[in-house]
Amino acid sequence: MKEGYEVVYKRPKTLLDKRMHYCPGCFHATIHKLLMEIVEEMGIQEKTVGVCPVGCSVFAYDYMDIDMQEAAHGRAAAVATAIKRMLPDRYVFSYQGDGDLAAIGTAETIHACNRGEKFTFIFINNGIYGMTGGQMAPTTLEGQKTTTSPYGRNVQKLGMPLKMAEMVSQLAGVAYAERVSCNTPANTRKAKKALKKAFEIQGKGLGTTFIEVASNCPSGWKCTPVESLDWLKNKVYPYFPLGVFKDVPAVKEEV
Amino acid sequence: MGEIKFMKGNEALAEAAIRSGLQGYFGYPITPQSEVVEYLAMQEPNHNYVLIQAESEVASVNMVYGAAAAGARVMTTTSSPGFSLMQEGVSYIACAELPCVFANIVRGGPGLGTIQASQGDYFQAVKGGGHGDYHLIVLAPNSVQEMVDHCRLAFELADKYRNPVMLLSDGSIGQMMEKVVLPEPIPYKPDKPWATTGKTPDRKRNIITSLYIQSEDMEKKNQTIQAKYQEITKNEIRYEKYRVDDAEIIISAFGLTSRICKKVVDLAREEGIKMGLFRPITVWPFPTDQFAEFAAQDRVKFFLSAEMNAGQMVEDIRLSVNGKKPVYFYGRQGGIVPTPEEILNAAKGHLK
Ligand SMILES: Cc1ncc(C[n+]2csc(CCOP(=O)(O)OP(=O)(O)O)c2C)c(N)n1
Ligand code: SF4
Ligand SMILES: [Mg+2]
């Protein structure tokens, strides 16, 4: 280190020095980094087990220097449930897309939350099926075009996009639910704070923790990374507002 | 000598699992299997296992996946429609090479079918069931005692080969009560350095996956598990012979029907018909060579497979016999258990 300089930013050791397969500008990469920073800062590498089901992030285990399990499409919540039950002192997270968590795996999601399984859901809601080439997701916005809704999502036929963070916050087992994003440095910092809080609550064994990321998919949305940030601001956040939907520990502290 | 009890097959299976060091059970109720989860729920306060009544068989098989990959000794049990629902997960487990035990307390199908005993899931059990090239080790118990014995054996084989093992039982064995000798409980200390328990500084991270996106890697993975299946075939074939030494007719059956066929053999012998029973205990790996040996003997006139289905194991017998002798079939379906007399009559029909 040159004299007079100090390190203000570096890759966490828990994030492997590998070229990621994610498209340029994709939040998957950002969230990976935040997550691994938290694991490093909390000193829990030896105690963390992650679950990455099918979706663009199925290769997450290529980048995270922790024990991980790949899971079948939609089943991460069941897999994470079992890991946490068998190894209750470990930090367990599932890292799921919207197709995974809110379509094919809805039952597993709801029931894990309802049982209050003490792991952390990291829910990457990008409103689309990224991995399979941009098909409609349960979170695709009204009127949004995808390869399977080429004329825009018709909510008359297909229903409104599912608001998962709001939904799961209704369940008694959930201790913390927040929706975050990474479109600005400020929001990225907030996202990290939320993830860390979720892990801390998990460590205390207070219930299910659920962090939804209003994420992007420049490739699936067929736009540039910068345009994807505009879409988030103009279209996504108005329907999927950022913020805390449930914070049981905070409520407890107040009384 | 272990403890002697009078128990239902399903309950004996659950007790045997506990005594084999069960650490996790994940299941969903379905007749005629529900006594397994009910028994485990009742016994839960006395033991340390994790028990979850899952939201579906899809969830339970994936819980088995997660817990097995975390290094635990785990089991799920179900009956036919439930096992169909699990197939994607079973395929993942086979590819990820996770030791675990399944029991299918088979009922009559297809469809919702009936809750009575059947052997209609033989193909599903021994040919894979889910997608891709894989095998479970499949044991076919024919008594409450064997539900117990095969349960312990299944856990041992699962660990030995890092392969899922299945008990292919049926509604009759699951529901019937018999005297059983229960084994002594064993503590279970897993030695699974590959398990995802948290990466310690002394080792690389452990990854449990069935994803091999490069064709070359996927082919290599397939070759690895195929080599393992060959090893299992070499070491683990199990069968039972009954009065076959001078037999001219080899009757064959697995599971429940094998018990009935012992009676068939005795009845035939009373009439002076030289019949013997050859019963595969492992239906995968299948005792192919043993059938071929019978077929090579001049005195053997024909084979008859008696099954509670439309003719499934008979196909494996035909492959083993390879055209050298006739292989006939007699079966009942829909939950009907054949009588010894009707099987004997079927065999006699083929005597010239
Ligand atoms: C049983 C099953 N059905 C379908 C698929 C195909 N598939 C893979 S990923 C995926 C959707 C992924 O979308 P999402 O969960 O939103 O993740 P993203 O790629 O957008 O991050 C689908 C349909 C599969 N792998 N398995
Ligand atoms: S397809 Fe979309 S979600 Fe997947 S890596 Fe590319 S931008 Fe990200
Ligand atoms: Mg998506």
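Residues numbered from 1 in each chain as written. Chains lettered and ligands numbered in written order. Predicted model: local features only at pLDDT ≥ 70, side-chain atom pairs only at ≥ 80, totals over all residues. Heavy atoms only, no water.

**Notes on the packing of aromatic side chains**
Then step 1. Taken as a whole and judged by the stated rule, the model has 18 aromatic pairs over all chains.
Then step 2. Relative to Phe210(A), the ring of Phe123(A) has its centre 5.9 Å away and its plane inclined at 55°; by these criteria the two rings are tilted. Placement of the pair is Phe123(A) in strand β4 (residues 120-125) and Phe210(A) in strand β8 (residues 208-214), with a sequence separation of 87 residues.
Then step 3. Judged by its relative accessible area of 0%, Phe210(A) is buried.
Then step 4. Arranged with centres 6.2 Å apart and planes meeting at 50°, the rings of Trp221(A) and Trp231(A) form a pair that is tilted. Of the two residues, Trp221(A) is situated in helix α8 (residues 218-221) and Trp231(A) in helix α9 (residues 225-239); the sequence distance between them amounts to 10 residues.
Then step 5. Residue classification places Trp231(A) among the partly exposed positions, given a relative accessible area of 27%.
Then step 6. Taken together, Tyr239(B), Phe278(B), Phe286(B), Phe291(B), Phe294(B) and Phe303(B) form an aromatic cluster joined through their ring pairs.
Then step 7. Over the ring of Tyr239(A) we find Lys163(A), and its NZ or CZ is 4.2 Å from the ring centre. (Phe/Tyr/Trp six-rings, centres within 6.5 Å; stacked < 30°, edge-to-face > 60°. Helix = DSSP H or I, 4+ residues; strand = E, 2+ residues; numbered from the N terminus. Buried < 20%, exposed > 50% of the residue type's maximum accessible area, 1.4 Å probe, protein only. Lys NZ or Arg CZ within 6 Å of the ring centre and 35° of its normal.)

**Here's the deal with unusual backbone geometry**
Residues and elements named next belong to chain B.
Then step 1. A cis geometry characterises the amide bond from Thr31 onward to Pro32, with omega recorded as 10°.
Then step 2. Considering the arrangement of structural elements, one finds Pro32 in the loop between β2 (24-27) and α2 (35-43).
Then step 3. Following Gly109, the chain continues to Pro110 via a peptide bond in cis, the omega torsion being 0°.
Then step 4. Position of Pro110 relative to the elements: it lies in the loop between β5 (100-108) and β6 (114-117).

**Remarks on the domain arrangement of chain B**
All names here are of chain B.
Then step 1. Per the domain assignment, the segments of chain B are domain 1 (3-235) and domain 2 (240-351).
Then step 2. Between domain 1 and domain 2, the C-alpha centre-to-centre distance is 28 Å.
Then step 3. Each side of the interface is counted separately: domain 1 has 31 residues, and domain 2 has 26 residues.
Then step 4. If you look at where domain 1 meets domain 2, you find 3 salt bridges.
Then step 5. Among the ionic pairs, Asp316 bridges to Lys127, the shortest N-O distance being 2.5 Å. (Domains from an automatic or database assignment. Contact = heavy atoms within 4.5 Å. Salt bridge = Lys/Arg side-chain N within 4 Å of Asp/Glu carboxyl O.)

**Notes on the layout of surface pockets**
Residues and elements named next belong to chain A.
Then step 1. There is about 410 Å³ of room inside the largest pocket.
Then step 2. Considering the residues around the largest pocket, the lining is formed by 31 residues, among which Gly55, Cys56, Tyr129, Gly130 and Met131 are closest to the centre.
Then step 3. When residues of the lining of the largest pocket are traced back to their parent elements, those giving at least two are β3 (91-97), α3 (98-104), β5 (128-129) and α8.
Then step 4. Grouping the amino acids of the lining of the largest pocket by side-chain chemistry returns 12 nonpolar, 16 polar and 3 charged. (1 Å grid on protein atoms, 1.4 Å probe; cavity = no way out; pocket = protein on both sides within 12 Å on 5 of 7 lines; lining within 4 Å. Points joined across faces, edges and corners; volume = space filled by probe spheres on them. Nonpolar A, V, L, I, M, F, W, Y, C, P; charged D, E, K, R; others polar.)

**With respect to the pattern of salt bridges**
Then step 1. In the structure shown here, the tally under the stated rule is 34 salt bridges over all chains.
Then step 2. Glu41(A) is paired through a salt bridge with Lys196(A); the nearest N and O atoms lie 3.0 Å apart. Residue Glu41(A) is located in helix α1 (residues 27-42), and its partner Lys196(A) is located in helix α7 (residues 185-204); the two are separated by 155 residues in the primary sequence.
Then step 3. The exposure class of Glu41(A) is partly exposed, given its relative accessible area of 44%.
Then step 4. Its salt-bridge partner being Glu240(B), residue Lys262(B) comes within 2.7 Å of it at the nearest N-O pair. Of this pair, Lys262(B) sits in helix α9 (residues 256-270) while Glu240(B) sits in strand β11 (residues 239-242); the two residues are 22 residues apart in sequence, bridging distant segments of the chain.
Then step 5. Among the residues examined, Lys262(B) registers a relative accessible area of 28% and is labelled partly exposed.
Then step 6. Through salt bridges that share partners, Lys33(A), Glu37(A), Glu41(A), Lys192(A) and Lys196(A) make up one connected network.

**What to know about the sheet that holds strand β10 (residues 207-208) of chain B**
Then step 1. If you walk across this open sheet you meet the 8 strands as β9(A)-β7(A)-β8(A)-β4(A)-β3(A)-β1(A)-β2(A)-β10(B), and the pairing is mixed. A single partner strand is all that each edge strand has here, and the edge strands are β9 (243-247) of chain A together with β10 of chain B.
Then step 2. Across 7 bridges, strand β7 (residues 174-181) of chain A lies against β8(A) in parallel orientation. Bridge assignment links Glu178(A) to a residue of β8(A), and that residue is Ile211(A).
Then step 3. On top of the sheet, α1(A) reaches β1 (48-53), β3, β4, β7 and β8 of chain A; it is set at about 175° to β3(A), its chief contact. (Pairing = 2+ DSSP bridges. Axes fitted to C-alpha atoms, helices over the stretch in contact; angles between N-to-C directions.)

**Structural notes on the interface of chain A and chain B**
Then step 1. Facing the 36 residues of chain A at the interface are 36 residues of chain B.
Then step 2. In total, about 2,700 Å² of surface goes out of reach between chain A and chain B, with carbon and sulfur atoms giving 59% of it.
Then step 3. Considering only the surface of chain A that becomes buried against chain B, Asp67(A), Glu70(A) and Met86(A) emerge as the three largest contributors, covering 23% of it.
Then step 4. Counting across the interface, chain A meets chain B through 2 salt bridges.
Then step 5. The salt bridge involving Arg115(A) is made with Glu55(B); its shortest N-O contact spans 2.8 Å. (Buried area = accessible area lost by both parts, 1.4 Å probe.)

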